[in-house]
Amino acid sequence: MPERTTDLMIALLARERVAIRTADFEGLAAIADQKSQLFDALPNSRATQHELEQIKARIDDNQTLLSAAISGVAAAQDRLTAVRHVREGLSVYDQSGQMATVQNPRPGMQKKA
C-alpha cells in the first residue's frame, strides 16, 4: 500500500524540524524541493480535516523555529559588527559636536582576571 501524501508531508515536516534545530541548511534545501512536490500533490489527496490541521500546526511550528533562527543569526551579526567597531576604535563627539573616532592603539581584545 503506497504511503499517503499527508503521511509523507507530516514525516517530511518532522525531518524539517530536526534540520532546523540542527542547522542542517543543506538538508533544508533538499526538504524544500520535496515539500514543494508534496504541496502540489496535496489537493488531489483525500486528506481529512484532522490531517490538514496537523500539517498546518507543524508548518506553523517550523516557521516559528525558522524565525527564531533568523533572529539569532541577525543578533550574531550585530554582535560581530559591534566587536569589530570596538576593535577599530571608539566613536566619540569632539569639541564641535561632530562624531569622531579615537583609534585603538592595540586592536586586540584581552581578558583580565
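See the structure above.
Keep in mind the model is a prediction, meaning the values are calculated, not measured. (Residues numbered from 1 in each chain as written. Predicted model: local features only at pLDDT ≥ 70, side-chain atom pairs only at ≥ 80, totals over all residues. Heavy atoms only, no water.)

(A) Expanded view of the pattern of salt bridges. Counted under the stated rule, the structure contains 3 salt bridges. For Arg4, the salt bridge goes to Glu51, with nearest N and O atoms at 2.6 Å. One end of the pair, Arg4, is in the segment before helix H1 (5–21); the other, Glu51, is in helix H3 (residues 49–88), with 47 residues separating them in the sequence. When its relative accessible area of 10% is taken as the criterion, Glu51 is described as buried. When the shortest N-O distance is used, the salt bridge between Glu16 and Lys35 registers 2.7 Å. (Salt bridge = Lys/Arg side-chain N within 4 Å of Asp/Glu carboxyl O. Helix = DSSP H or I, 4+ residues; strand = E, 2+ residues; numbered from the N terminus. Buried < 20%, exposed > 50% of the residue type's maximum accessible area, 1.4 Å probe, protein only.)

(B) Layout of the nonpolar core. By size, the foremost hydrophobic cluster in this structure holds 11 residues: Met9, Ile10, Leu12, Leu13, Ala19, Ile20, Leu28, Ile31, Leu38, Leu42 and Ile55. Among the elements of the structure, H1 and helix H2 (25–41) are those that each provide at least two residues to this core. No other element matches the 6 residues that H1 contributes to this core. Aside from chain neighbours lying at most four places away, what touches Ile31 is Leu12, Arg15, Glu16 and Ala19. (Core = buried A, V, L, I, M, F, W, Y, C linked by side-chain atoms within 4.5 Å. Contact = heavy atoms within 4.5 Å.)

(C) Representation of H2. Between the first and last C-alpha of H2 there are 25 Å, a value that for 17 residues agrees with the 24 Å anticipated at 1.5 Å per step. When H2 is considered as a whole, its buried residues turn out to be Gly27, Leu28, Ile31, Lys35 and Leu38. Along H2, the residues classed as buried sweep out an arc of 85° about the axis, all on the same side. Of the residues in H2, the exposed ones pointing more than 90 degrees away from the buried face are Glu26, Asp33, Gln37 and Asp40. Of the surrounding elements, those touching the buried residues of H2 are H1. (Expected span 1.5 Å × (residues − 1). Arc of directions from axis to C-beta.)

(D) A look at H3. Here H3 is 40 residues long and its end C-alpha atoms lie 58 Å apart, about the 58 Å a rise of 1.5 Å per residue gives. Within H3, the full set of buried residues consists of Glu51, Ile55 and Asn62. Structurally, H3 contributes buried residues whose contacts are with H1. Once H3 finishes, Gly89 follows within two positions and takes phi at roughly 155°, a positive value.

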